[in-house]
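A structural walkthrough
Listed here are the chains, written in short residue letters.
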Amino acid sequence: MTPPPAAAARLDSISVPVPEKKHVGRRAPARVDHPFKGIALILLSTVFLGLSDTAAKYLSTSLPSIEITWIRFLTFALIFTPVMLRSSPYYAMRTERPGLHVMRGAVLLGSSLFFITGLGFLPIAEASATGFVAPLFVTALSIVFLGEKVGMRRWFATALGLVGVLIILRPGTSAFHPAAFFPVVSAACWAGTLILTRMMSGREAVVTTMAYSSLTGLAILTAIVPFVWVTPSWTAIALGIFIGVASTAGQWIVVLAYRYGDASVLAPFSYSQLLWVSILGFFIFGEVPSIWTIVGAAFIVASGLYIAHRERVRRAQLLVLEERSPNA
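So, here's what we can say about the structure. (Residues numbered from 1 in each chain as written. Predicted model: local features only at pLDDT ≥ 70, side-chain atom pairs only at ≥ 80, totals over all residues. Heavy atoms only, no water.)

Enumeration according to the criterion identifies three cavities of 30 Å³ or more in this entry. Estimated volume of the largest cavity: approximately 50 Å³. Within the residue set of the lining of the largest cavity, elements represented by two or more residues are helix H3 (65-79), helix H5 (98-119) and helix H11 (234-257). Looking at the lining of the largest cavity element by element, the count peaks at four residues for H11. In the lining of the largest cavity, the residues fall into three nonpolar, five polar and one charged. (1 Å grid on protein atoms, 1.4 Å probe; cavity = no way out; pocket = protein on both sides within 12 Å on 5 of 7 lines; lining within 4 Å. Points joined across faces, edges and corners; volume = space filled by probe spheres on them. Helix = DSSP H or I, 4+ residues; strand = E, 2+ residues; numbered from the N terminus. Nonpolar A, V, L, I, M, F, W, Y, C, P; charged D, E, K, R; others polar.)

Next up on the list: the pattern of salt bridges. Under the counting rule described, the total for this entry stands at three salt bridges. Arg97 serves as the salt-bridge partner of Glu204, at 3.4 Å between the closest nitrogen and oxygen. Separated by 107 residues along the polypeptide, Glu204 in the loop between helix H9 (181-200) and helix H10 (206-224) and Arg97 in the loop between helix H4 (81-84) and H5 bring together distant segments of the chain. A single burial state applies to Glu204 and to Arg97, both of which are buried. (Salt bridge = Lys/Arg side-chain N within 4 Å of Asp/Glu carboxyl O. Buried < 20%, exposed > 50% of the residue type's maximum accessible area, 1.4 Å probe, protein only.)

Function-wise, these values are silent; they only describe arrangement.
Below, the structure is given as structure tokens:
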């Protein structure tokens, strides 16, 4: 599943009090205000993520989605093998929260698996647009897991995004395909991934989180892939490795981008991924996005942008309250 950067950034901006504990591992580098660099990185990330999704759709015609996802996570894990070695100066396996890391890896796996499964049945632009509803799920889940209070404006934005999903899926019509629910479930899993990431934010290094996620997903998939195994060609293996490298690079670049700019500045550029996959879908698969997909995507994008805007307003209000507090 391609990560919606706006949702990730929204979580990074949430202020959640946590008890002081001794930190284990390296902290993330401090944020530097350099919005143009952040925008450039976001645009670059959408290219990598769009290429990864396109390759996964192409490969879905010859391999089961479980096997494609297994190759992706195998590549993911191999990339992070150097930091898993105890002799490495960047050793990433030391953690106080192994349970949360395993849970995050499992839901991240669910996000990838459901999205790739959906790509086997749906036009890539439709699947990608539907997958961008993750910020809406984050809004709901943050109430339960992060103790957030969500105002009527954000609920209205969430409802607007859901209307966009219904426009794309068109349940009850002849155009509806049951596989359309796969990207929705994928988005829900990705939202869970973001919530768990926020619960560990500031306490675990990014490299630790990604290393554990790669191992968790690989372990689960290795147990089930023999039941669906299809011997891949060398071309399929090469494409699978490309998917793993491109998706890992794209996610890492997203993390870097949000060190240089706010969500409200960078979020609009994350949706350029819809443009790339639409172009690639047309030239590679001959897919032309329907008017319903375009209109529904517009609703989802508008919803995501407004949620990012409201988060910026909320963050500014919290900063003012902290400055006024005598205990600050």
